[in-house]
Every structure is written in structure tokens, then in C-alpha cells.
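Each chain, letter by letter, is given below.
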Amino acid sequence: MMLTPLCLMSRLSRKLKNRNPCMYTLSSLSLYIPISPFYASSSVRACSTETSSGASTGDEERKAGDDGFKKWRKPQDVFHEWSLDGRDARMAAGHAEAVAEILGEALSQIGYPVHVNINRGDGFTAIDAGCGNGWVARKIKGTPGCRDAIGVDGAPGMIERAKEIDPEGKYEVVDLKTWNPKEQVDLVHSMEVLYYLGDDLENVLNRIHSTWLRPGGVLAAGVDFYLEHKESLEWPDIHNVKMRDLSEREWKKILEDSGFERVKLWRAARASADNGAAGTLAMVAIKAR
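Just so you know, these numbers come straight off a predicted model, no measurement behind them.

**Q** Honestly, the pattern of salt bridges in this entry has me stumped. Any pointers?
**A** Per the counting criterion, the structure on display carries twelve salt bridges. Taking the shortest distance from any N to any O, the salt bridge between Arg244 and Glu202 comes out at 2.8 Å. With Arg244 in strand β9 (residues 244-245) and Glu202 in helix α6 (residues 201-212), this pair connects stretches of sequence that are 42 residues apart. The partner of Lys252 in a salt bridge is Glu256, with the nearest N and O atoms 2.5 Å apart. Placement of both Lys252 and Glu256 in helix α8 (residues 248-257) is noted, with a separation of four residues, approximately one turn of the helix.

As C-alpha cells, this is what we get:
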């Protein structure tokens with residue numbers, strides 16, 4: 001029996017109505033969203049289709065527009081491409097002011113520079129999570145009082161670029177959803193990464209708090225994609241990549257629920273922002289001693 005377009009749309013509508021439209025699995029970043037996506041606070045912008053048996057078909061190839069859905073790209077694939085066309089350097093330049101502001105606040109919280117040896121006599125250690133070409137890891141490593149800093153990223157091209165720039169540095173390709181460092185550190189930095197983690201965000205923040213950081217350690221992060229930054233909400237469609245949109249209040253709550261204390265949020269890099277630009281949402285949070 002041949003189904004008319006109206007019948008097909010009706011069947012699809014009934015199928016979607018009977019399930020959660022935001023089912024999300026970060027292990028497969030190749031899920032689907034409506035071409036005209038719905039926007040909702042605290043949502044991961046993604047919908048997957050199901051077979052008649054209920055199994056997800058989020059990995060199958062489908063042409064955008066053939067049934068109103070399109071396929072997401074993996075963030076690490078996008079950033080790999082950016083490492084090849086020079087955008088890694090442009091991202092570093094564009095985020096430099098915000099990162100300097102965030103690190104300044106974070107380093108003051110671990111006692112730099114006056115009381116850097118408050119816990120040990122060997123300086124502080126750091127991880128840059130989602131390090132790109134390693135520019136922040138190198139910046140931290142060059143800070144007086146820093147004993148060691150490593151950069152980790154999911155995009156092989158970015159890590160290759162980091163090693164080209166800094167052959168003696170420590171850079172690794174890792175899956176942030178599952179990776180843990182061999183030793184705890186004093187500082188974890190992350191710029192423009194956390195909202196790509198989707199429903200795994202809470203799990204990763206919990207592990208950063210419990211496993212990555214020493215007591216008294218500091219998480220320093222920045223995101224440009226957040227609910228109050230209205231212009232950024234078009235980015236998932238522009239880049240065809242899933243992003244989790246959270247408000248400033250929701251970011252603060254997630255950090256506190258992960259066990260962090262003295263959580264501070266502010267808008268960084270506002271001085272050089274264009275007229276009324278939102279700025280980077282900066283976050284610094286402490287693991288209790």
C-alpha cells in the first residue's frame with residue numbers, strides 16, 4: 001500500500017509524541033534533530049528516530065530534508081577540520097582575554113603566587129580539558145609555580161597540532177566522558193568544551209571533582225554557548241553539532257550538585273566585547289580541602 005505524505009507525517013507525529021523528544025546518548029554523536037529545532041532550557045538539542053521494534057537508528061545515513069530530519073556531526077570531527085585550516089589559532093586569539101581573566105581568578109584560589117606551596121613544596125599541576133592546539137596548557141606551564149601541565153582533547157588533529165608546536169609538551173587524545181588522569185591535579189581548565197558533553201556533563205563534572213582534582217583544587221571553565229547569550233543559540237544549526245544549552249543559574253547548580261564549593265560565575269572579556277555582547281560565561285569552583 002502506498003502511503004501519502006500526510007499519512008507518513010501522521011505516523012511520525014504519533015511515534016514522536018509517545019516518547020521523550022530529547023533522548024540522547026553521547027556515545028553516539030550522530031543523532032538527529034528537526035531542521036527547525038525546538039529550543040528549551042537545559043535541553044540537549046537532539047532527537048533520534050526509532051525502528052518499529054523501538055531500537056534507535058541514530059547512526060544511519062539520512063539526507064537532510066527527506067523526512068524533516070538531519071544528522072549531527074561529531075564535535076571532534078569538526079575540531080579536527082579546524083586544526084587543518086588554521087582555525088585553532090584563531091580560536092586561541094579570540095579566547096585569549098577571557099582565558100587570562102579566568103586563569104587569574106583560578107590561580108588566586110590555589111594560592112598563586114604568594115602561597116603556591118601551601119600544600120606541597122613542588123608547585124601546582126594542571127590539566128587543560130579540551131586543549132585544542134595546546135595554547136592554554138602551554139600558558140599554564142609557563143606560569144611561575146607550575147610544576148606540570150598536560151593537555152587532553154578528543155580531536156586527533158588538535159593534538160597533532162599541539163605536538164608540532166610543542167614537541168616536549170604532554171598532550172593526549174582522550175575521551176573526556178571516560179578518561180581519568182593517573183594523578184590528581186590542583187587545577188583543571190576547560191574552555192568552550194563542556195556544553196558538547198550533553199547528558200554526560202554531570203558525570204564528567206562529578207569525576208573532575210572526585211577523581212581529577214586534589215582537595216583544595218580548582219575547576220576553571222568558560223563557555224560562550226549559554227542561554228542568556230541569545231546569538232549563540234543558532235550555533236548548533238550553523239555547525240550541525242549538538243550543544244547543551246544551560247542558563248547561568250543552571251550551570252551554577254550543576255557545579256554545586258557535583259560537590260564544588262565557592263562557585264563563582266561572571267561574564268568575562270566584556271571590556272573588548274562588541275556593543276552589548278554577552279561575553280564568555282566564566283566559572284571558577286573549588287573542591288573542599
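**Q** Teacher, can you tell me more about the nonpolar core here?
**A** Generally speaking, soluble globular proteins have nonpolar side chains that are buried together. Ile208 and Trp251 are the most contacted members of the largest nonpolar core, which totals 44 residues. Broken down by secondary-structure element, the contributors of at least two residues to this core are α2 (75-85), β4 (124-129), β5 (146-153), β7 (185-191), α6, β8 (213-223), α8 and β11 (280-286). Of the residues forming this core, the biggest block, five residues, is contributed by α6. By size, the runner-up hydrophobic cluster in this structure holds 23 residues, among which are Val99, Leu103, Leu187 and Ala269.

Rules behind the numbers
- Residues numbered from 1 in each chain as written.
- Predicted model: local features only at pLDDT ≥ 70, side-chain atom pairs only at ≥ 80, totals over all residues.
- Heavy atoms only, no water.
- Salt bridge = Lys/Arg side-chain N within 4 Å of Asp/Glu carboxyl O.
- Helix = DSSP H or I, 4+ residues; strand = E, 2+ residues; numbered from the N terminus.
- Core = buried A, V, L, I, M, F, W, Y, C linked by side-chain atoms within 4.5 Å.
- Buried < 20%, exposed > 50% of the residue type's maximum accessible area, 1.4 Å probe, protein only.

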